[in-house]
Protein chains: 2
Amino acid sequence: MRFMGNFISSKEEEFSKWYLDIVQKAKLVDYSPVKGCMVIMPYGYAIWERIKSILDYKLKETGHENAYFPLLIPYEFLEREKEHVNGFSPELAVITTAGGEALVEPLVLRPTSETIIWNMYSKWIKSYRDLPVKINQWANIIRWEKRTRPFIRTTEFLWQEGHTAHETAEEALEETLFILNLYKRFVEDYLAIPVFCGKKTEREKFAGAISTYTLEALMQDKKALQAGTSHYLGLNFAKAFDVKFQNKKGEMDYVFATSWGVSTRLIGALIMVHSDNKGLILPPKIAPIEVIIVPIFKRDDEANKKILEYSTAIFNILKEAKLRVEIDRDTKNSPGFRFAAAELKGIPIRIEIGFNDILMDCVTVARRDKDKNSKYQVLVKELLSKIRHELETMQCELFNRALEFRNLHTKEIIGFKENDYATFKTYINEDLGFVLSSWCGNEVCEESIKNDTKATIRCIPEEFKNRSLNDLTCIYCSTAAKYLVLFARAY
Amino acid sequence: MRFMGNFISSKEEEFSKWYLDIVQKAKLVDYSPVKGCMVIMPYGYAIWERIKSILDYKLKETGHENAYFPLLIPYEFLEREKEHVNGFSPELAVITTAGGEALVEPLVLRPTSETIIWNMYSKWIKSYRDLPVKINQWANIIRWEKRTRPFIRTTEFLWQEGHTAHETAEEALEETLFILNLYKRFVEDYLAIPVFCGKKTEREKFAGAISTYTLEALMQDKKALQAGTSHYLGLNFAKAFDVKFQNKKGEMDYVFATSWGVSTRLIGALIMVHSDNKGLILPPKIAPIEVIIVPIFKRDDEANKKILEYSTAIFNILKEAKLRVEIDRDTKNSPGFRFAAAELKGIPIRIEIGFNDILMDCVTVARRDKDKNSKYQVLVKELLSKIRHELETMQCELFNRALEFRNLHTKEIIGFKENDYATFKTYINEDLGFVLSSWCGNEVCEESIKNDTKATIRCIPEEFKNRSLNDLTCIYCSTAAKYLVLFARAY
């Protein structure tokens, strides 16, 4: 598909190249001169601002406050939590010189902020009256990744990280799951991406967590993507930073912790779930521009003046109704070129206005996710309600389409016959997607499956947790199964 | 003044300690374990979010777009603009190790982003059709400062930095001044801080700029604070990064640049301009909470239930009117303690509700910037219009009070008699404040005055630029004056 002098690879043939074409050609990101660091261009950043403002509102509404903690963390802080430092050490960027002098103690750029935040909590939390603390931070994060891909895995990325402190384990666990559910609703309702939620295995959990809960989405290449995580940290960080409070009985207790985050990676998920070979497709609720008005100019100044006036009147109707709307004032390029440009940017609805539309008091409406033959004329007096209806419908239909795809590519291959592992292996290697299977809980089986198939256990899904495990065996070792788990190859 | 177990130093006696007491005790910031890095606590961050959302709206409204560029910059980029690297080198933090390996080329943490952004502009700008580019970024900045003070000068701070690219020098200069004026209106109308605007001298300008324009405010200790800057960069960065465009005639031209920024330093200015010995005083337009409702509870559960119901009804009236309002539900501490706590936080209006108020269908209204004897009762039916009026009045009065103070401490000591420099020196050393004086334009005089008085030329103020320089002489060397300039000791 060639337009704007640009060529977008076919997602069926070269998925990875298709993805890179879209992020660059829709001007979401550009590569920076520093390896693995991306520049988030205005249109890409506008999507992030939509994500940020909606999520920020939801977090504040549920009693979370924003704050800002330093980027620079003493390396020694990371060492205080053994699993944490082991997990993050390989990815650290280290400052040894600053202000022209060698630093006595090396500082690292935050790969996540548990340590610096719990160091502060040790000053702030003294009594049960200080609890809970529910703080969120919007920040940049640095992790030195070997293989990078825009939005999905970059050396620097933007995220929000919540860090809460609680009196009891129950309350902390409740917060962990509350946030998991808040993320799920956000990702499903706004980004129109269906997710499986559940606990990670010990092998896959966050370095420093007691347990990690995850949202797992399926991309169009049938690989899974972790879209967000919520961690129950128990007393690990309270002990590392000696954060104790006086409880209601007057005794000193350690404080229970959670942490959770989503990042600019969500934009990568948006692209890989919804878009097509013409470019981006954005769910209306997250689109920076919901409606673009494209006046079809003629070789007639008088007519063009009328077309632009009429277009502006339509613009004003939609703007007053608080829709995010723009007019394309390009007079140089052909309508086809301009339609393609709007499609590349994934704008949900395009309104075309030609001279004949004016005569009939109409406009033509085209939806980004529909065939070009499906565009139709609407009377101006019905336009606003029609547009609102289309935006709602499109939001639902994108979700349903993604859900259908996800379900089509989620297969159950449960262990209870001898040759199941062969079936499992063939399926995962050839068809990809999610495979719901049974597992004994042994890390050796998990590791062996990964070696055979490159698939990892994405989570122990909540959705299937009430299913009986009677008679089921581990898909790998055939001993009694302890968990139903989702396998997939993942980003 | 003692309350909440806290002591705030007197601003008349120990201004610097008073400032530090307020930022800590009003819970705006806390010190982090990394020297010179502050933690911005939720209440401090809420003020920053107000600043950010208003300014962001104003920038978008005037055609600026947000984007995000990498934190990490190759050191070599800074070296391409000679004055730029000379200016920033002493303050750089350098990464030499990352991901467990030594970096071939050292990376620095952005002290400002001209270099990385103009490197990208060299890819993005090809033709006059690509211009102007008007991009803004909200980001963290690292400058290794020797002497730090929360908000005013810290190793890490938050800011916005705009970077625009233009076809002509005129257009770039126009943008520089447009932003200067936008900043001035924001700082005066929202933060209620009067500022002098004008050009910096060569000695004081931004490293890499052709000219720097500044906003200068006067703190209550009569020292000046630079509240924001807007730079005309000419072709300096276009030449350093080879950014050329094809002009309308088909020729290749270099691109003209501007950059401009304000930072979390504005919060420091807010405090030092308005606050008193009871704590913060926040102008209503920037206050995270405009109104706090303080129910005065009794030793009578039945009465307290009614008081809380009544308070909630009042809360709902104000909330529905889109005011930023909170109820203080503290049942443990005395009214006096709770009033002091609200005063410490600088909340513009306090509504006290006692049992007698209910009987009379009244509430009691107290304004943060007024004497405690000035509080008065208002009928509920008149409350909303009264509160709106008080908020508007307070906003104006804070500005007027600050302007009066600033003008009282802005003295003209213009050179045209022999002993003027002695007068100037005595005045600046003893009375501080701004001194409007005449200067020959020679850097030697500027430097000598600084050595004698610690005062620098804050700017060549726009406000006085139409005044005649006839017969005026340089305050230092007595040769003919070229400029009227503002001197002050500054932060």
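- Chain A is annotated in an unreviewed UniProt entry as Proline--tRNA ligase of Borrelia coriaceae ATCC 43381.
- We quote the UniProt Function (unreviewed entry) comment for chain A here in full: "Catalyzes the attachment of proline to tRNA(Pro) in a two-step reaction: proline is first activated by ATP to form Pro-AMP and then transferred to the acceptor end of tRNA(Pro)."
- Its UniProt record gives chain A a comment under Sequence similarities (unreviewed entry), which states: "Belongs to the class-II aminoacyl-tRNA synthetase family. ProS type 3 subfamily."

**Here we look at the interface of chain B and chain A**
Bring the parts together and some accessible area is lost; that lost area is often taken as the interface size.
1) Next: Contacts between the two partners involve 55 residues from chain B, matched on the other side by 55 residues from chain A.
2) Next: Summed over both sides, the interface of chain B with chain A buries roughly 4,200 Å², with 64% coming from carbon and sulfur.
3) Next: Summed over the three residues of chain B that lose the most area to chain A, namely P42(B), Y68(B) and W144(B), the buried surface amounts to 14% of that side.
4) Next: In this assembly, chain B and chain A are joined by 4 salt bridges.
5) Next: Taking the shortest distance from any N to any O, the salt bridge between D30(A) and K123(B) comes out at 2.9 Å.
6) Next: The interface formed by chain B and chain A holds 22 residue pairs in polar contact (both at pLDDT 80 or more) in total.
7) Next: Broken down by class, the residue content of the side of chain B that touches chain A amounts to 34 nonpolar, 8 polar and 13 charged.
8) Next: Note that strand 7 (residues 93–98) of chain A and strand 7 (residues 93–98) of chain B share 5 bridges and pair antiparallel.

**Points about a negative patch on the surface**
1) Next: There is a patch of like negative charges on the surface, built from D300(A), D301(A), E302(A) and E309(A).
2) Next: In this fold, E302(A) is placed in helix 9 (residues 301–320).

**Description of helix 5 (residues 114–124) of chain B**
1) Next: Within helix 5 of chain B, 10 of the 11 residues are buried, leaving the element largely enclosed by the surrounding structure.
2) Next: Those residues of helix 5 of chain B that fall on the buried side of the exposure criterion are E114(B), T115(B), I116(B), I117(B), W118(B), N119(B), M120(B), Y121(B), S122(B) and W124(B).

**A word on the relation of the copies chain B and chain A**
1) Next: By a simple turn and slide, chain B fits onto chain A: the slide is 0.0 Å along the axis, the RMSD is 0.0 Å, and the turn is 180°. In the structure described here, the two chain copies are related by an operation that fits a two-fold rotation axis. Considering only C-alpha atoms, the residue of chain B closest to the rotation axis is I95(B), which sits at 2.3 Å.
2) Next: A share of 100% of interface residues in chain B that are also interface residues in chain A marks the association as one of identical surfaces.

**Some details on the sheet that holds strand 25 (residues 483–488) of chain B**
Two pairing modes exist for strands in a sheet, parallel and antiparallel, and in both the strands are linked by backbone hydrogen bonds.
Residue and element names in this part refer to chain B.
1) Next: Spatially, 5-9-10-16-13-12-11-24-25-23-22 is the arrangement adopted by the 11 strands of the open sheet, whose pairing is mixed. Single-partner strands in this sheet number two, and they are strand 5 (65–66) and strand 22 (410–412).
2) Next: Examined bridge by bridge, strand 13 (residues 224–234) and strand 16 (residues 256–263) share 5 bridges and lie antiparallel to one another. Paired with T229 across the two strands is G261, which belongs to strand 16.
3) Next: On top of the sheet, helix 14 (residues 443–453) reaches strand 23 (434–439), strand 24 (456–461) and strand 25; it is set at about 150° to strand 23, its chief contact.

**Some thoughts on the sheet that holds strand 10 (residues 156–166) of chain A**
Residue and element names in this part refer to chain A.
1) Next: Here 11 strands make up an open sheet; going across it, the order is 5-9-10-16-13-12-11-24-25-23-22 and the pairing mixed. At either margin of the open sheet sits one strand with a lone partner, and together these are strand 5 (65–66) and strand 22 (410–412).
2) Next: Strands in contact with helix 13 (residues 420–431) are strand 22, strand 23 (434–439) and strand 25 (483–488); relative to strand 23, the strand with the most contacts, it is inclined by about 155°.

Cut-offs used in this document
- Residues numbered from 1 in each chain as written.
- Chains lettered and ligands numbered in written order.
- Predicted model: local features only at pLDDT ≥ 70, side-chain atom pairs only at ≥ 80, totals over all residues.
- Heavy atoms only, no water.
- UniProt positions renumbered as here; feature names shortened; annotations may be inferred.
- Contact = heavy atoms within 4.5 Å.
- Buried area = accessible area lost by both parts, 1.4 Å probe.
- Salt bridge = Lys/Arg side-chain N within 4 Å of Asp/Glu carboxyl O.
- Polar contact = N/O pair within 3.5 Å; in protein donor to acceptor, adjacent residues only side chain to side chain.
- Nonpolar A, V, L, I, M, F, W, Y, C, P; charged D, E, K, R; others polar.
- Pairing = 2+ DSSP bridges.
- Helix = DSSP H or I, 4+ residues; strand = E, 2+ residues; numbered from the N terminus.
- Patch = residues over 30% accessible without salt bridge, like charges linked within 9 Å, V, L, I, M, F, W, Y side chains within 5 Å.
- Areas by Shrake-Rupley, 256 points an atom, 1.4 Å probe, with all protein chains shown as cover.
- Lys, Arg positive; Asp, Glu negative; His and termini not counted.
- Charge placed at Lys NZ, Arg CZ, Asp CG, Glu CD.
- Buried < 20%, exposed > 50% of the residue type's maximum accessible area, 1.4 Å probe, protein only.
- Least-squares fit on C-alpha atoms with pLDDT ≥ 70 in both.
- Axes fitted to C-alpha atoms, helices over the stretch in contact; angles between N-to-C directions.

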